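# Fold and contact review
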Amino acid sequence: MNRFEGKTVLVTGGNSGMGLTTAQAFAAEGARVIVTGRDTATLEAAKPTLGANALAIQNDAGTVAAARALAKRLADEGIKLDAVFINAGIARFAPLPDVEESMWDQTFDTNVKGPFFQIQALVPLFNPGASIVLNGSINAHIGMPSSAVYAASKAGLISLAKTLSAELLPRGVRVNVLSPGPVTTPLYGKLGLDADALANTAAQIKSQIPLGRFGEAKEIAATVLHLSATESAFIVGTEIIVDGGMSQL
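Residues numbered from 1 in each chain as written. Predicted model: local features only at pLDDT ≥ 70, side-chain atom pairs only at ≥ 80, totals over all residues. Heavy atoms only, no water.

Going by an unreviewed UniProt entry, the protein chain carries the name 3-oxoacyl-[acyl-carrier protein] reductase and comes from Cupriavidus basilensis. For the record of the protein chain, the UniProt heading Sequence similarities (unreviewed entry) holds the text "Belongs to the short-chain dehydrogenases/reductases (SDR) family." (UniProt positions renumbered as here; feature names shortened; annotations may be inferred.)

Our next topic: the packing of helix 3 (residues 64-76) against helix 4 (residues 101-122). Relative to each other, helix 3 and helix 4 sit at 30 degrees, their axes nearing to 8 Å. Classified by the interaxial angle, the pair formed by helix 3 and helix 4 is roughly parallel. Read as a crossing pair, helix 3 and helix 4 show a hand that is right-handed. Facing V64, A66, A67, R68, L70, A71 and L74 of helix 3, the residues of helix 4 in contact are K113, F117, Q118, Q120, A121 and L122. Looking at the contact of helix 3 with helix 4 residue by residue, the classes come out as 9 nonpolar, 2 polar and 2 charged. (Axes fitted to C-alpha atoms, helices over the stretch in contact; angles between N-to-C directions. Helix = DSSP H or I, 4+ residues; strand = E, 2+ residues; numbered from the N terminus. Parallel < 35°, antiparallel > 145°, perpendicular 65-115°, else oblique. Left-handed = near helix turned anticlockwise from the far one by under 90°. Contact = heavy atoms within 4.5 Å. Nonpolar A, V, L, I, M, F, W, Y, C, P; charged D, E, K, R; others polar.)

Moving on, we come to the packing of aromatic side chains. Across all of its chains, the model carries 4 aromatic pairs by this definition. Pairing F4 with F26 gives two aromatic rings, centres 4.9 Å apart and planes at 80 degrees, and the pair type is edge-to-face. With a gap of 22 residues between them, F4 in the segment before strand 1 (8-12) and F26 in helix 1 (residues 17-28) connect regions that are remote in the sequence. Accessibility expressed as a relative area gives 0% for F26, which makes it buried. Look at F116 and F117: their rings are 5.1 Å apart centre to centre, the planes differ by 80 degrees, and that puts the pair in the edge-to-face class. For F116, a relative accessible area of 31% corresponds to the partly exposed category. (Phe/Tyr/Trp six-rings, centres within 6.5 Å; stacked < 30°, edge-to-face > 60°. Buried < 20%, exposed > 50% of the residue type's maximum accessible area, 1.4 Å probe, protein only.)

What follows deals with the side chain of S179. Inspection of the secondary structure puts S179 in strand 6 (residues 174-180). A polar contact of 3.3 Å, which involves the side chain of S179, links it to the backbone nitrogen of S137. Excluding residues that lie within four positions of it along the chain, S179 makes contacts with G136, S137, I138, I158, E239, I240, I241 and V242. (Polar contact = N/O pair within 3.5 Å; in protein donor to acceptor, adjacent residues only side chain to side chain.)

Another point: the nonpolar core. One finds I34, L74, L81, L122, F126, I132 and L134 to be the most contacted residues of the largest nonpolar core, which totals 29 residues. Elements with a contribution of two residues or more to this core: strand 3 (55-58), helix 3, strand 4 (81-86), helix 4, strand 5 (126-135), helix 5 (148-168) and strand 6. The element that contributes the greatest number of residues to this core is helix 5, accounting for 6 residues. Listed in part, the 26 residues of the second largest apolar core include V33, V35, A83 and I220. (Core = buried A, V, L, I, M, F, W, Y, C linked by side-chain atoms within 4.5 Å.)

The next point concerns the sheet that holds strand 1. The 7 strands are arranged 3-2-1-4-5-6-7 in an open sheet whose pairing can be described as parallel. At either end of the open sheet lies a strand with only one pairing partner, and these are strand 3 and strand 7 (239-242). Across the sheet, the mean angle from the axis of one strand to that of its neighbour is 15 degrees, orientation sign disregarded. For strand 1 and strand 4, the ladder comprises 4 bridges, and the chain directions are parallel. Bridge pairing in strand 4 places L10 opposite V84. This element, helix 3, spans strand 1, strand 2 (32-37), strand 3 and strand 4 of the sheet and lies at about 150 degrees to strand 3. (Pairing = 2+ DSSP bridges.)

If you check helix 4, its first and last C-alpha atoms are 30 Å apart, about what 22 residues at 1.5 Å a residue would give, namely 32 Å. By the largest-angle criterion, D109 marks the main kink of helix 4, which is about 45 degrees. (Expected span 1.5 Å × (residues − 1). Bend = angle between axes of the 7 residues up to and from the residue.)

Relative to each other, helix 1 and helix 7 (residues 217-228) sit at 55 degrees, their axes nearing to 8 Å. The angle between helix 1 and helix 7 places the two elements in the oblique class. In this structure, helix 1 crosses over helix 7, and the sense of that crossing is right-handed. Residue-level contacts link M18, T21, T22, A25 and F26 of helix 1 to A217, K218, I220, A221, V224, L225 and S228 of helix 7. Classifying every residue of the contact of helix 1 with helix 7 gives 8 nonpolar, 3 polar and 1 charged.

Before going further, it helps to spend a moment on the pairing of strand 1. Judged by how many residues are buried, strand 1 sits mostly within the fold: 5 of 5 residues are covered. Of the two faces of strand 1, both are covered, the one formed by T8, L10 and T12 as well as the one formed by V9 and V11. The sheet contact formed by strand 1 and strand 2 spans 4 bridges and is parallel. Residue V9 lies in a different strand from strand 2, and its bridge partner there is V33. The parallel pair strand 1 and strand 2, bridged by helix 1, forms a crossover whose chirality is right-handed. (Right-handed = clockwise from strand over helix to strand, strands pointing away.)

Printed below as a string of C-alpha cells:
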C-alpha cells in the first residue's frame, strides 16, 4: 500500500526502537519522513533507511525551546505535516522511597511537557486532516510497583489525547493515543540492570502477557499507521491498547 504517498510525517524519537520502525513503515508507504532524537550517531545511521528525502534532526524532546526550534526549522523549510507520531519519551523506575525530584522532573519534562509544547508549536504546520498519535503506555492502567512516576506521566499524556482533540478538531486535526504493552526494543537495555537481572525481569513480565510473548515494534508501527491514515478518520480522542492482553485479560 501507499497510503502516505505525497504526505509528510514527523516521528519524534525516531532514531531507534519503535520510533525508527514506525518511521521506516511510513517511508515504505510513500511518506517523506522527518525523525528527531537526541543522539546524532543513531540519527545519522537511521537517515539512509528512510528514503532520499528524509530529514534527521537532533532535538531534545523535553524542553520548550527545543519544541519551538523544531517547529521553526520545519516552517523555514516550508514543510507542512500530515501526520505526527509523538514517540520520544523516557522510562525510569524506582520504588517510592527512592524517587528523587530530578527523576520526576526529567520524566514529566520528556513525557508530558515536551509533547504538549511540541504540538503547540507545530499547530500552524498541520495540513487539514492531519493526525497526531501519542505514545502512551499500559502502565497508566496497571499498578506496577516502582512505576509510579512513569505511569503518572503516561496517564497525563493519555488525557491530552482527549483535550487536544477537542481543541484541534476545528482545524481538522485528530489526536489519538497508542498505549503499548511490553515490546522488544532497545529501551529494555537502558533500565540499568545487569544481564541476569534483565533476563529475570523480562521473564517475569512475559509471564503476565496472555499471548505469552513480548510485542514487536512492527506491530506498534502498524497501529500508528492505521491511526494516521484516512481509513481511521472517524477515530478521535481514543486510546488503542496494544499489549497482548496484559492489561485486559
